[in-house]
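As a plain string of letters, each chain reads:
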Amino acid sequence: MARRILLPLILVLSLAAQQPASQPIRGFAPEDWKARHELEERAKAIPQSARLKIYQERIASKPHHAGSPQNKAVADYLVAQLKDWGLDTHVEDFEALMPYPTTRVLEMTGPVRFRAELKEPPIPEDPDSAAPGGLPTYNAYSASGDVTAPLVYVNYGVQEDYEDLRREGVDVKGKIVIARYGKGWRGVKVKLAQEHGAVGCLIYSDPHEDGYFQGDVYPKGPMRPEQGVQRGSVLDMAIYPGDPLSPGWASEPGSRRLAPSEAKSLLKIPVLPISYGDAKPLLEQLSGPLVPEAWRGALPLTYHTGPGPAIVHLKVDFDWTSKPLHDIIVTIPGSVDKNQWIVYGNHYDAWVNGAADAASGASVLMETARTLSVLRRQGWQPKRTIVLALWDGEEFGLMGSTEWVEKHQSELERNGSVYINVDQTGRGLMGASGSHSLESFFTEVMRDVTEPAGTRSILDSVRIRRPRYPAPATQSEFHLAPLGSGSDYAAFLDHAGIASMNLGFGVGAETAGVYHSNYDTTAWFARFSDGDFVFGKTLVQVMSTTLLRLADTSILPFEFGALSRTVQTYVEEIQRDAQKRGGSVDFRGVQTQLAHLDTASKLYEDQLALALKRVPSIPSDRLLKANETIQRTERALVSGGGLPGREWYRHQLYAPGLYTGYEAKTMPGVREAVEAQRWEEANQQAKRVAQAIQNLASQVEEASRLLR
């Protein structure tokens, strides 16, 4: 879905000169390290780049948006392939409101007449860009509407831009605004336009962000051509993702629905995304104040704010129907702790062909599934149950994953251990974000997987390529970025309270030029991304290693000291922000509980080290209870009442910001109250955070007691 959100790894490390077979593996007894490394080396030899290419070409050969027959055909192919490998595979069907466009009109009625193309022409060198059956350019969940009004340019359409306009005396009330993509998620641009009284919103791709200003345009280069358009959802996912008519419960055939007027995640004004080819004639007809330099894009014109004299007529309508979703679920049952689930997911639907987003990631999941099937035939069986999921409807607003989590929430409360997500992948640095209790675990995974087409570990590769993080003599450190939103981990972490990670190579700026467009094809991917699938193969090795370790550890490999230290940095950030705003937050309760957690974490590490030396002597029921306690630690950080104004989001440490979209807001209840200068609310939310950390510390202490 998003141009994510996968931030580069930030790390400082120093690794001793050890043979791989002697490297420690968190959660395993020392006498098991050698055998585990040998199993992982066997697993790493199985993936084939040629197979990744086959999967991607089959998935992305035709447009396959959610709800379409073409998408069902992709699902049927994936299911048949997984079953052919001997994997227990079934499809879970849901449905969701997923409107397709029926009317799209954009024209300028004065001072000159102009009618927008609203089409992405095929590229002769890329036959897939001419494939029939794709959705036209539109924003899902735009309101239906027919409005005519003066146009106002609002730069990126984020909060500070409206503050600048106010200072200039420019009012958007009753106007149609035009914002450029960038600096924030598209849905937030629409939300802010609506809140400031605009009657319509246009979002265009300025060449400054992803067109000729950044490089040659497709097909000569990877960037967005003149008529390229970024589709995408504008559902207010910061309120809740998934079917807008079934917040908090699964949307299945026959289940209850809200009326659309009751759905808080649906916005109220018409919206349309357009190309810079269609935007240029509109922007040329604006007068009013000259914009500051930071507002100027790369079009050959002088940027003014307006309003007018350009008068724009915008008319859009949609079918407003619910359509089917098909989630593909693979289960590899555990031999010991079958009721502890390790879940790995990736979506397979796309806005058009979706070779990068998300066939590149879905192909990695498929080859990981084949790798595990080969290991099973060789005699391996996981101790814990592995669930592989190919989600449908992600592009509309995390539909398939959210509905599945809402359906299985009670089971996930009992059984969910870890969720790992990949969305898309390409070439470049490894990106990782997630729950900080998994930092130490994932550090070791990166240490033990070799970089694509190289000889160093991925960690070493990142350290060398990012030298501003010098390695101290005796310390190894790795930091996961916090998770916000924009992909299928949201329901697992933010709603169900399951420790989660989101991984991938080089996504973000690499795919900006064709993101959510007609040109995200296998031809583009072959020329400008991971065309030889070397990075994709390495990601399969990362995922296989991750799953093997999580599924087979004697004791789940969580570590809580990093979480304690990270939350302390959040407290310090919020304290500084509060002081700048002339207020304060009472963090004494949070600080007390962080000290409690730090002490509990150190005790747990001591008990873990002792327990791993005597795993065979620990009664199986006691070990089971210890692991059940550990997997519930993330659940301790969620609260039943949720965050202020958005009860679906229950995690006290992480959520997408109300006005940031994909970007994470850490300690969101406190931080957003501070930003709004609601000091009483900020202090109330700080008490809730303190309670959550106390609950976590108690869980960690209980795990230590069970391991004693």
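This text follows the structure it describes.
Summary of the structure given here. Bear in mind the structure is a predicted one, so any value in this text is a computation, not a measurement.

The next point concerns the sheet that holds strand S6 (residues 145–153). Read across the sheet, 7 strands follow the order S4-S3-S11-S6-S7-S8-S10 without closing on themselves; strand pairing throughout is mixed. The open sheet terminates on both sides in strands that have one partner only, identified here as strand S4 (114–115) and strand S10 (271–274). Pairing between strand S3 (residues 101–110) and strand S11 (residues 311–318): 8 bridges, direction antiparallel. Directly across from Thr103, in S11, lies its bridge partner Asp317.

Turning our attention to the packing of helix H2 (residues 49–59) against helix H8 (residues 355–377). At a closest axis distance of 8 Å, the pairing of H2 and H8 adopts a crossing angle of 130°. By the angle between their directions, the pair H2 and H8 is classed as oblique. For the pair H2 and H8, the crossing hand works out as right-handed. Here Arg51, Leu52, Tyr55, Gln56 and Ile59 of H2 come into contact with H8, specifically with Ala355, Ala359, Ser360, Ala362, Ser363, Val364, Met366, Glu367 and Arg370.

All told, the structure shown has 23 aromatic pairs when counted by the stated rule. Each ring, one from Tyr570 and one from Tyr654, has its centre 6.4 Å from the other, and the planes form 90°; the classification is edge-to-face. Highlighted residues: Tyr570 in helix H17 (residues 561–580) and Tyr654 in strand S19 (residues 654–656), separated in sequence by 84 residues. When its relative accessible area of 2% is taken as the criterion, Tyr654 is described as buried. Clustering of aromatic rings is evident, with ring pairs tying together Tyr138, Tyr141, Phe318, Trp320, Trp351 and Phe396. The positively charged end of Arg256 is found above the aromatic ring belonging to Trp249, 3.5 Å away from the centroid. One residue, Lys323, lies across the ring of Tyr100, its end atom 4.1 Å from the ring centre.

A few words on unusual backbone geometry. For the bond from Gly110 to Pro111, the omega torsion is 5°, close enough to zero to count as cis. Mapping Pro111 onto the fold places it in the loop between S3 and S4. Cis geometry is found at the peptide bond from Tyr218 to Pro219, where omega equals 15°. In this fold, Pro219 is placed in the loop between helix H6 (207–210) and strand S9 (232–233). Unlike most non-glycine residues, Tyr141 shows phi in positive territory, near 75°.

The rules we used
- Residues numbered from 1 in each chain as written.
- Predicted model: local features only at pLDDT ≥ 70, side-chain atom pairs only at ≥ 80, totals over all residues.
- Heavy atoms only, no water.
- Pairing = 2+ DSSP bridges.
- Helix = DSSP H or I, 4+ residues; strand = E, 2+ residues; numbered from the N terminus.
- Axes fitted to C-alpha atoms, helices over the stretch in contact; angles between N-to-C directions.
- Parallel < 35°, antiparallel > 145°, perpendicular 65-115°, else oblique.
- Left-handed = near helix turned anticlockwise from the far one by under 90°.
- Contact = heavy atoms within 4.5 Å.
- Phe/Tyr/Trp six-rings, centres within 6.5 Å; stacked < 30°, edge-to-face > 60°.
- Buried < 20%, exposed > 50% of the residue type's maximum accessible area, 1.4 Å probe, protein only.
- Lys NZ or Arg CZ within 6 Å of the ring centre and 35° of its normal.

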